[in-house]
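Here is what each chain is made of, one letter per residue.
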Amino acid sequence: PTMEKWTGRSSLERRLQEYLGISAVKIVAGDCDRDPVTKNLLGLKTAEAFVSTIENGQIIAVTGGSTIASIPNYIEKANDLQELLFIAARGGVGEDIGLQANVIAASFAEACGGKYRTFYYPESLSEETHKAFQNEPSVRKMIQLYEQVDCVIHGIGEAQTMANLRESSTEEKEMLQKTEAKGEAFGYYFDRTGKAVHRIRTVGIQIDQLERVPLIYAVAGGISKAAAILAYMSTAPKQTVLITDEAAAQEMLKQI
Ligand code: G3H
């Protein structure tokens, strides 16, 4: 039965990888929605993949969220990881402190024995102030640094869940419903065709910059995220490696 399970999961990985047209799909057992241990398995799987592909001296941008926060626990300090630099894929405050990208970048650095650089950016700025802020030297420096990123590790959120977590305005939530936003990543919201229908006012890695990043890990699991993952995958760069769980993978195949 173990062998059968193994074969089942690897054929699922292949089918999804071909359908999504990305570099690879890795699937762990379980369902994040029902069992918190599954999130740790995602963390472990991603940590293993990351450590085996990253090279010393590289720059890694990470996003926030509980899934990405689970990865550093499974990284061990190693001499050849000490020159890694971790940064937040977007500046942002307002979310649960432990799940903010800046904090997660710091825990990655601590786990590896590497370095990190924080980037704080208020998310509640008016359109005008947001525009002005983008000309700040510290912000411009960060945008330049995003050009040099070698690896991105990011989560994917279900659109309405993310809007609720962010305490978005009723107006914003209605707009997300109207535009049929399904998934969220890096502060962008995507509909089922992968079109970015909305973006929160922050500074972060841009979609066109992402295209130039050689190594991308997208990590998300749970049945409730299946539609969100599919939405984002319609636009994800080809070099993306998706790390997900069995429940989300099965549900994605049903929805395809
Ligand atoms: O951008 C996606 C979200 O940050 C995912 O959060 O891993 O806690 O579900 P989560």
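Residues numbered from 1 in each chain as written. Predicted model: local features only at pLDDT ≥ 70, side-chain atom pairs only at ≥ 80, totals over all residues. Heavy atoms only, no water.

1. A few points about the confidence of the model for the protein
It should be kept in mind that the predicted coordinates are not to be read in detail where pLDDT is low.
Okay, so step 1: Looking at the protein, pLDDT values average 93 and 96% of them are 70 or higher.
Okay, so step 2: Taken over the whole predicted complex, pTM reads 0.95, whereas the ipTM for its chain interfaces reads 0.97. (pLDDT = per-residue confidence, 0-100.)

2. Comments concerning the pattern of salt bridges
Okay, so step 1: Under the counting rule described, the total for this entry stands at 6 salt bridges.
Okay, so step 2: Notably, a salt bridge pairs Glu 184 with Arg 166, separated by 2.8 Å at the nearest N-O pair. Taken together, the positions of Glu 184 in strand 7 (residues 183–185) and Arg 166 in the loop between helix 7 (159–165) and helix 8 (170–178) put the pair 18 residues apart, joining distant regions of the chain. (Salt bridge = Lys/Arg side-chain N within 4 Å of Asp/Glu carboxyl O. Helix = DSSP H or I, 4+ residues; strand = E, 2+ residues; numbered from the N terminus.)

3. Digging into a nonpolar patch on the surface
Okay, so step 1: Where nonpolar side chains cluster on the molecular surface, the patch consists of Val 37, Leu 41, Leu 44 and Tyr 74 and spans about 290 Å² of accessible area.
Okay, so step 2: Here Leu 41 lies in helix 2 (residues 36–53).
Okay, so step 3: We classify Leu 41 as partly exposed; its relative accessible area is 32%. (Patch = residues over 30% accessible without salt bridge, like charges linked within 9 Å, V, L, I, M, F, W, Y side chains within 5 Å. Areas by Shrake-Rupley, 256 points an atom, 1.4 Å probe, with all protein chains shown as cover. Buried < 20%, exposed > 50% of the residue type's maximum accessible area, 1.4 Å probe, protein only.)

4. Here's the deal with the side chain of Ser 70
Okay, so step 1: Of note, Ser 70 is situated in the loop between helix 3 (66–69) and strand 3 (85–88).
Okay, so step 2: Residue Ser 70 is classed as buried on the basis of its relative accessible area of 6%.
Okay, so step 3: Here Thr 67 takes part through its backbone oxygen, which lies 2.6 Å from a polar atom of the side chain of Ser 70.
Okay, so step 4: Those residues within four positions of Ser 70 in sequence are excluded, and the remaining contacts are Lys 39, Asn 40 and Gly 43. (Polar contact = N/O pair within 3.5 Å; in protein donor to acceptor, adjacent residues only side chain to side chain. Contact = heavy atoms within 4.5 Å.)

5. Quick word on the layout of surface pockets
Okay, so step 1: Quantified by volume, the largest pocket comes out at close to 640 Å³.
Okay, so step 2: Forming the walls of the largest pocket are 33 residues, and the residues nearest its centre are Gly 65, Ser 66, Met 162, Leu 165 and Lys 225.
Okay, so step 3: Among the secondary structure elements, those contributing two or more residues to the lining of the largest pocket are helix 3, strand 6 (157–158), helix 7 and strand 7.
Okay, so step 4: Residues belonging to the lining of the largest pocket are distributed by class as follows: 9 nonpolar, 14 polar and 10 charged. (1 Å grid on protein atoms, 1.4 Å probe; cavity = no way out; pocket = protein on both sides within 12 Å on 5 of 7 lines; lining within 4 Å. Points joined across faces, edges and corners; volume = space filled by probe spheres on them. Nonpolar A, V, L, I, M, F, W, Y, C, P; charged D, E, K, R; others polar.)

6. Some thoughts on the site of the ligand
Okay, so step 1: Taken together, Gly 64, Gly 65, Ser 66, Thr 67, Gly 155, Ile 156, Gly 157, Met 162, Glu 184 and Lys 225 are the residues near the ligand.
Okay, so step 2: Contact between the ligand and Gly 64: an oxygen atom at 3.5 Å from a main-chain N or O atom of the residue.
Okay, so step 3: Within the side chain of Thr 67, a nitrogen or oxygen atom sits 2.5 Å from an oxygen atom of the ligand.
Okay, so step 4: Across the complex, the protein chains shield 86% of the 310 Å² of accessible surface that the ligand would expose by itself.
Okay, so step 5: If you map the ligand onto the pockets, it falls in the largest pocket. (Near = heavy atom within 4 Å. Sits in = over half its atoms within 2 Å of the grid points.)

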